[in-house]
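Next come the chains, spelled out residue by residue.
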Amino acid sequence: MITMVSVVSAGCSGKDTNSESVSGSAETSETSSSTNTDNTGSVLNTVSNTSSDYFDDEDLLENYNDVTAEILMKGDNIEINGQGVIYSNNIISVTNGGTFIFSGNLNDGQIYINNEELTHIIFNGVDISNSSSSPLFIENADKTVITCVDGTENILSDAENYVYESDEENEPDAVIFSKDDLSLNGSGLLIINAEYNEGITCKDDLRISGSNINISSVGNGIKGKDSVVIKDSDITVNSQQDGIKSSNADETDKGYIVFESGNYNITAKEDAVSSENILTINDGSFVLKSGSESISQSN
């Protein structure tokens, strides 16, 4: 067994600006790889030939030959070619399952998903901003899969303040917010600018494969309540709270994080990686920095 990360308490303040900060009980696979830590606190590891049982065919779905609708966004207007999409008051509602290709820019708007089917969202070069809520809100779906097309840059941004219909409401609160299972794939670049709170929030199981994601957030960078599993991805997170987090403390078989493979550069004011239960690292290259002074803040 190879010990790959140090384990600290979940409430650690991380005063050392160049330290690893990982919470949760750590597990690793038995491999013949070597692991080392450099003088900046980076955790470096390289192993090969790993496989994963955490991903199903839907999680890895990138094919979009059978398209339900294509949506071309033009600032304050959109063109819809297909079915299952309604546009009103700058909200693009996806009312049916299927495959939906988005391209262009949407000013101060939202993609809103509310159905009980598998929903495949294709980002083919998008720039979506919202000044009062989440740019992508998945309220109900069997599972949502987001694919960023190879060679494209896709930007999602929110603002410092959200507006809710009542004082009792507090959701959504992330640039990408999903109440159900969420998967991300595709090698196109996904840039997330989270000025209100979190970058990616999934209240169920979150799966990320073959992705290229860059997140800047005032809250947690990536959070999957029940679990987070990532493979073959390049992830950069700059967060004012935790970098990558799984928060379910009520169920012993939930609240876990698994790194199957990939490259991770995480700078966090609190924990770089925070798991309520089990943290498993099978493969990957890691640069983890945490601490109250590890992130520069502008006034």
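Residues numbered from 1 in each chain as written. Predicted model: local features only at pLDDT ≥ 70, side-chain atom pairs only at ≥ 80, totals over all residues. Heavy atoms only, no water.

Student: Just to check I follow, could you spell out the nonpolar core for this structure?
Tutor: Side chains that are nonpolar tend, in soluble globular proteins, to be buried together. Judged by nonpolar contacts, the single largest core of 51 residues is most densely connected at Phe102, Phe123, Ile176 and Phe259. No other element matches the four residues that strand E10 (residues 118–129) contributes to this core. (Core = buried A, V, L, I, M, F, W, Y, C linked by side-chain atoms within 4.5 Å. Buried < 20%, exposed > 50% of the residue type's maximum accessible area, 1.4 Å probe, protein only. Helix = DSSP H or I, 4+ residues; strand = E, 2+ residues; numbered from the N terminus.)

Student: Please explain unusual backbone geometry as it appears in this structure.
Tutor: Only a minority of non-glycine residues have a phi that is not negative, and only a minority of peptide bonds are not trans. The amide bond that connects Glu171 to the next residue, Pro172, takes the cis arrangement and shows omega of 0°. With respect to the helices and strands, the residue Pro172 is situated in the loop between strand E13 (153–157) and strand E14 (174–178). Although it is not a glycine, Asn89 sits at a positive phi angle of roughly 50°. Mapped onto the elements of the fold, Asn89 is located in the loop between strand E6 (85–88) and strand E7 (91–94). Judged by its relative accessible area of 71%, Asn89 falls in the exposed class. The backbone phi angle of Asp232 is positive, close to 50°, even though this residue is not glycine.

Student: Any chance you could explain the pairing of strand E11 (residues 136–140) here in plain terms?
Tutor: Successive side chains on a regular strand alternate, one facing one side of the sheet and the next facing the other. Both strand E9 (residues 110–114) and E11 contribute to a ladder of four bridges, which runs parallel. Of the residues in E11, the one forming a bridge with Ile113 is Ile138. In the sheet, E11 pairs with E14 via three bridges, with the strands oriented parallel. Paired with Leu136 across the two strands is Ile176, which belongs to E14. (Pairing = 2+ DSSP bridges.)

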